[in-house]
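So you can see what is in the structure, the chains are spelled out below.
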Amino acid sequence: MPSQMNRGLAALCCLLVATGAARADHLYVSNEKDNTVTVVDAASLAIVKTVPVGARPRGLLLANDHKSIYVCTSDADHIEELDLATLTVTRTLQSGPDPETFALSPDGKTLYVSNEDDNEVSIVDVASGRISGEIPTGVEPEGMVVSPDGKTIVNTSETTSMAHFIDAASHKMIASVLVGSRPRFAAFTKDGSQVWVSSEVGGNVSIVDAASHKVVHTIAFAIPGVPAETVQAVGINLSPDGKLAFIALGPANRVAVVDTATFAVKKYLLVGQRVWHMDFSFDGKTLYTANGVSNDMSVIDVGDLKVTKSVPVGHLPWGVVYGP
Amino acid sequence: MPGRALRIVLSLTTALLLAAPLAPMARADDQAQTASPEAAAHVPLVYLALAVKRSFPQSYLDQPPDDEGVAGANVALADNNTTGHFTGQDFTLDIVTAGDEAGAMAAFADRLGKGARNFVTDVPAPLLLKLADLPEARTATLIDAADSDDMLRAEGCRRNVLHVLPSRAMRADSLMQYLVVKNWRRIMLLSGQTEADKLYAEAMRRAAKKFQIKIVADKAWTFNPAEQRADTGHFEVNTEVANITQGVDYDLLVVADEEDNFGDELGYRATLARPVAGTQGLVPTAWTRVYDETGATQLQNRFLRAAHRWMTERDYGAWMAVRAFGEAAIRTHSSDPAVIGAYLRSPKFELAAFKGERLSFRAWDGQLRQPVLLADPRSLVSISPQPGFLHEFFETDTLGVDQPESTCHLK
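A.B. asks: I would appreciate a short explanation of the overall build of chain B in the present structure.
C.D. replies: Helix and strand counts for chain B come out as 11 helices and 15 strands. Looking at chain B alone, contacts between residues at least 24 apart form 70% of all its contacts between residues at least 6 apart.

A.B. asks: So what exactly am I meant to see when it comes to the sheet that holds strand S9 (residues 110-115) of chain A here?
C.D. replies: Each strand in a sheet pairs with its neighbour through backbone hydrogen bonds, running either in the same direction (parallel) or in the opposite one (antiparallel). Residues and elements named next belong to chain A. Here we have four strands laid out as an open sheet, ordered S8-S9-S10-S11, and antiparallel in their pairing. Of all the strands in the sheet, the pair left with one neighbour each is strand S8 (99-104) and strand S11 (130-136). Ignoring which end each strand starts from, the neighbouring axes of this sheet average 25° apart. In terms of strand pairing, strand S10 (residues 120-125) meets S11 through six bridges, oriented antiparallel. Along S11, the bridge assignment pairs valine 121 with isoleucine 135.

A.B. asks: Teacher, can you tell me more about the sheet that holds strand S8 (residues 252-256) of chain B here?
C.D. replies: All names here are of chain B. Ordered by their spatial adjacency, four strands build an open sheet running S7-S6-S8-S9, and the pairing between neighbours is parallel. Every interior strand has two partners, whereas the edge strands, strand S7 (214-220) and strand S9 (276-278), have only one. Strand after strand, the sheet turns through a mean of 30° between neighbouring axes, direction not considered. Relative to S8, strand S6 (residues 186-191) is paired through five bridges, and the arrangement is parallel. Within S8, the residue paired with leucine 190 across the bridge is valine 255. Contacting S6, S7, S8 and S9, helix H6 (residues 195-210) runs over the sheet at an angle of about 165° to S6.

A.B. asks: Quick question: what am I supposed to make of the nonpolar core here?
C.D. replies: The nonpolar side chains of a soluble globular protein tend to be buried with one another. All names here are of chain B. Counting 105 residues, the largest nonpolar core has Val120, Met204, Leu253 and Val322 as the members making the most contacts within it. When residues in this core are grouped by element, the largest group, 11 residues, is from helix H10 (residues 313-332). Each residue touching leucine 253, except ones within four places of it in the same chain, is listed here: Met188, Leu190, Thr245, Leu266, Ala270, Arg274 and Val276.

A.B. asks: Any chance you could explain helix H11 (residues 337-345) of chain B here in plain terms?
C.D. replies: Since the α-helix advances by 3.6 residues per turn, residues separated by three or four positions end up pointing in the same direction. Residues and elements named next belong to chain B. All of the buried residues in H11 are Pro337, Ile340, Gly341 and Leu344. Buried residues of H11, viewed axially, fall in a sector of 100°; they line one side. Of the surrounding elements, those touching the buried residues of H11 are strand S3 (118-122), strand S4 (141-144), strand S5 (161-163), H10 and strand S12 (358-361).

A.B. asks: I keep staring at the domain arrangement of chain B and nothing clicks. Help me out?
C.D. replies: Many authors give the size of an interface as the accessible area that is lost as the parts come together. In terms of domain boundaries, chain B breaks down into domain 1 (28-166 + 288-370) and domain 2 (169-283). Here domain 1 of chain B and domain 2 of chain B have C-alpha centroids that lie 32 Å from each other.

A.B. asks: Where do I start with the packing of helix H5 (residues 168-182) of chain B against H6 of chain B in this structure?
C.D. replies: The axes of two packed helices give the description: the angle between them and the distance between them. All names here are of chain B. Axis separation between H5 and H6 bottoms out at 8 Å; the angle between their running directions is 45°. Relative to H6, H5 is oriented oblique. As for how H5 packs across H6, the hand of that crossing is right-handed. Between H5 and H6, the contacting residues are Arg168, Ala169, Arg171, Ala172, Asp173 and Met176 on the first element and Leu199, Tyr200, Ala203, Met204, Arg206, Ala207, Ala208 and Lys210 on the second. Among the residues forming the contact of H5 with H6, the class breakdown is nine nonpolar, no polar and five charged.

Conventions we followed
- Residues numbered from 1 in each chain as written.
- Chains lettered and ligands numbered in written order.
- Predicted model: local features only at pLDDT ≥ 70, side-chain atom pairs only at ≥ 80, totals over all residues.
- Helix = DSSP H or I, 4+ residues; strand = E, 2+ residues; numbered from the N terminus.
- Contact = placed C-beta atoms within 7 Å.
- Pairing = 2+ DSSP bridges.
- Axes fitted to C-alpha atoms, helices over the stretch in contact; angles between N-to-C directions.
- Core = buried A, V, L, I, M, F, W, Y, C linked by C-beta atoms within 7 Å.
- Buried ≥ 20, exposed ≤ 12 C-beta atoms within 10 Å, placed from the backbone.
- Arc of directions from axis to C-beta.
- Domains from an automatic or database assignment.
- Parallel < 35°, antiparallel > 145°, perpendicular 65-115°, else oblique.
- Left-handed = near helix turned anticlockwise from the far one by under 90°.
- Nonpolar A, V, L, I, M, F, W, Y, C, P; charged D, E, K, R; others polar.

Okay, structure coming up:
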């Protein structure tokens, strides 16, 4: 019965697209254990479709033309492109072994993929879907981000505990900055002046000055009644206006809200269990989190700083991306 | 597990297939080491092991590998050097395997004489104390990668010695916490005849008392292991196990058999249908090949590729010890053994060892605080500390001997 309903809804949504009717925005959640991507209607928060993808889907990115999303299917050792009009996987791209997270160049033409098992970052040409180069990095590369001007790539390596700054044109390592233990995620500020790096085992966030490659500040987290060991910083999302940073704290089941000017923690928002990654709606008014243990997605009202809803998705949700 | 092994093989194959036809492959070979423009600083480590002849294991399925321990140290060395490449530090590992105690003492004195101060040791407790007590070793740091002896964390503790594997007390507490959660309150304890078995059983008795688990029978296993090897030996074992477990009602049979002489032959043979835990069955351990949480898959894969076999707990101990030196040298950006040694013992030190939290050394006895896995041969059952066992500072300090109870007085 539910699958029939899903099919019905999917058919309906395709029909709407086919007839050119306006389609509401959607959330796409990668379910690490189910090998699926759950598609959720952003307005009604109803599940529209559960799309089967390759083994162990984790990192997700929206293509620049908003027509597809890229999915790191880690155990399938490639990237899949999920077409948003038909909600089907239309092609696969090379990625190198065990792709976990990736970043897209501002022009949308190049993907930088961290190969967790291989101590390398793979450079993937989006048009051809082929690897055009590899950059050796630290042990267990994880976080990937490209600077807003597209000139610098930052990769974090978990066992090496560094943020590696790489020149996008020459693929040369410019600097390697020691941060907290097991760095998982990196985010550039909008002006490109800082890189925020979360450390899962260190339980903190290092603010790295992008010009001097120095750690200028370290944000620590202390939540009353929550054991310090469970505070494990993972996903980072900076609000579109640049004033707030949202930091997912893993098994502490909280998202920290940080004032980007003072680095002070304003609030801890209680979300689902083991919160991994997040994404903003296009208007920046809503933030969505993928919660790995409670198998749901939390919805945060950014204006009120309140968690408004929880939406059950698949098993071990890892990444979430907002798209059309 | 066959699935995982297959996956690894497949991913390797895919990597090769992908890599082969790709040209031109842009590779940034000469990487700028902006973190440290000066010449690479050398951090020498010595791995000192005593080749121990083990008594024959009950199961011939799991023969100890020849490179056990060393293989883990080598993977950690490679990890240190990848990071060292960026910090301008170069780690080396001088691997010494001595055939006897005298040989180990001589090799240790020789390396001390040549200025070595960072040692990873895989030697029995009495020899470890002899090494640590040499006057020249006072300025050295010995990270014990193999011993679980509680004595080494108590009256036998030394200022220049740190321990990375969980003590017997920590293992026993991990199991007892789980029994509390399961409400399995009555155990039968069956211990072997070796000195190690007696110490393991004693740790279980202390832990049972601490967590109010009742030992309803406490018996010694005296059956001659050689008899098991005879044809029809299983009849004798069945009779023996049925006899020794007769007339006792308990929830769990806890076995102390560190050398694997009989523990695997208790299940299904006891009078009552009860599970086995301890050194066999459900085992409290720092590492097992079935563990793949919090990124452990990466280390399992990395080790498998390097050593062509699964990582054992002894390999993991050696990996942690070499990584601990690496972490201290990299964080302090120093090759001075005094600086490295002080940092290892400082509250700033944190080791990421795939346990989902930072691990650090207890200041009072040099033990690395850590969660302990509870696993049977084919699956991870639980990880202690169990939820609800709270501690003022570290929940992992609910496992083993906490500061107020410690009889270690570091001089």
